[in-house]
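Structural characterization, general
In case you want the letters, here they are:
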Amino acid sequence: MTNCIFCKIINGNIPSYKVYEDEQVLAFLDISQTTKGHTLVIPKSHAKNFAECDDNDLNKVMSVAKKIANSLLKTGAKGVNILSNINEVAGQSVFHFHVHVIPRYNENDTIKISFVNNNEKYKDEMQNIATLIKNNL
Ligand code: 5GP
Ligand code: ZN
């Protein structure tokens, strides 16, 4: 895709620090380095996001993300977050599918992911929520 910055990275028109490459997938350091070693894994074939990527590319991207997570764990990370944002409301800013591999070193890491517990609010709707998702798979 001509106007896509990650397609430009794949083509070599924008430089990047590559950590893995094959015919289907590229992994390179995220420019923001949220934590040291923060890496992006992308399919070479343009897809807008996780939800739109074909399963074969998606499987390969996840398999490479696993390799990179293991490399980070071998070289000092104590944990890793695997994250992919779908659409702007979820924080997606580059619309070429990518998986963030974010190594975690300690509780002072410059990333905060927290889950609010809304079980009280939704406890009477749990079956309806599950049924709605199940019926639209
Ligand atoms: P998103 O917000 O879409 O989940 O993540 C996009 C990521 O792409 C951001 O973490 C941002 O730092 C990274 N990014 C944006 N432009 C570039 C670039 O030109 N080079 C690299 N290496 N990363 C980029
Ligand atoms: Zn692209």
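Here, every reference points to the structure presented above.
Anyway, here's the lowdown on the structure attached to this text. (Residues numbered from 1 in each chain as written. Chains lettered and ligands numbered in written order. Predicted model: local features only at pLDDT ≥ 70, side-chain atom pairs only at ≥ 80, totals over all residues. Heavy atoms only, no water.)

Remarks on the overall build of the protein
Defined as follows: Numbered from the N terminus, helices here are DSSP runs of H or I no shorter than four residues, and strands are runs of E no shorter than two. Classification of residues uses two cut-offs on accessible area relative to the type maximum, computed with a 1.4 Å probe and protein chains only: under 20% is buried, over 50% is exposed, and between them is partly exposed. What makes two residues a contact is simply this: any of their non-hydrogen atoms within 4.5 Å. Note on areas: Shrake-Rupley with a 1.4 Å probe; residue coverage comes only from the protein chains shown. Positive charges are assigned to Lys and Arg, negative charges to Asp and Glu, while His and the chain termini are left out of the count. Lys charges are placed at NZ, Arg charges at CZ, Asp charges at CG and Glu charges at CD.
When you go through the protein residue by residue, the secondary structure sums to four helices and five strands. Along the chain direction, N to C, the helices and strands of the protein fall in the order α-β-β-β-α-β-β-α-α. Structurally, the protein occupies a C-alpha span of about 50 × 35 × 25 Å along its principal axes. Sorting the 137 residues of the protein into buried and exposed places 34% on the buried side. For the protein, the share of sequence-separated contacts (at least 6 apart) that also reach a separation of at least 24 residues comes to 54%. With an accessible surface of roughly 9,300 Å², the protein has 53% of that area assigned to carbon and sulfur atoms. Computing the positive centroid from 15 side-chain charges and the negative centroid from 14, the protein places the two 7 Å apart.

Some points on the coordination of the zinc ion (ligand 2)
Here is the rule we go by: Sodium, potassium and calcium take a 3.2 Å donor cutoff, other metals 2.8 Å, and in both cases only N, O and S atoms count; water is not among them, so sites may look incomplete. Only four donors with every angle between 85 and 135 degrees are called tetrahedral; only four or six donors with opposite donors over 155 degrees apart and all others between 65 and 115 are called square planar or octahedral, in that order; all others are irregular.
All of the protein donors around the zinc ion (ligand 2) are Cys4 (SG), Cys7 (SG), His46 (ND1) and His96 (ND1); their distances to the metal are 2.1 to 2.3 Å. Taken together, the four donor atoms coordinating the zinc ion (ligand 2) span angles of 101 to 117 degrees at the metal, a pattern that classifies the geometry as tetrahedral. Considered as a linear motif, the donors of the zinc ion (ligand 2) on their single chain read C-x2-C-x38-H-x49-H. With cysteine 7 in helix 1 (residues 5-11) and histidine 46 in the loop between strand 3 (39-43) and helix 2 (55-74), the pair connects residues that are 39 residues apart, well separated along the chain. With a relative accessible area of 6%, cysteine 7 lands in the buried category. For histidine 46, a relative accessible area of 28% translates into the label partly exposed.

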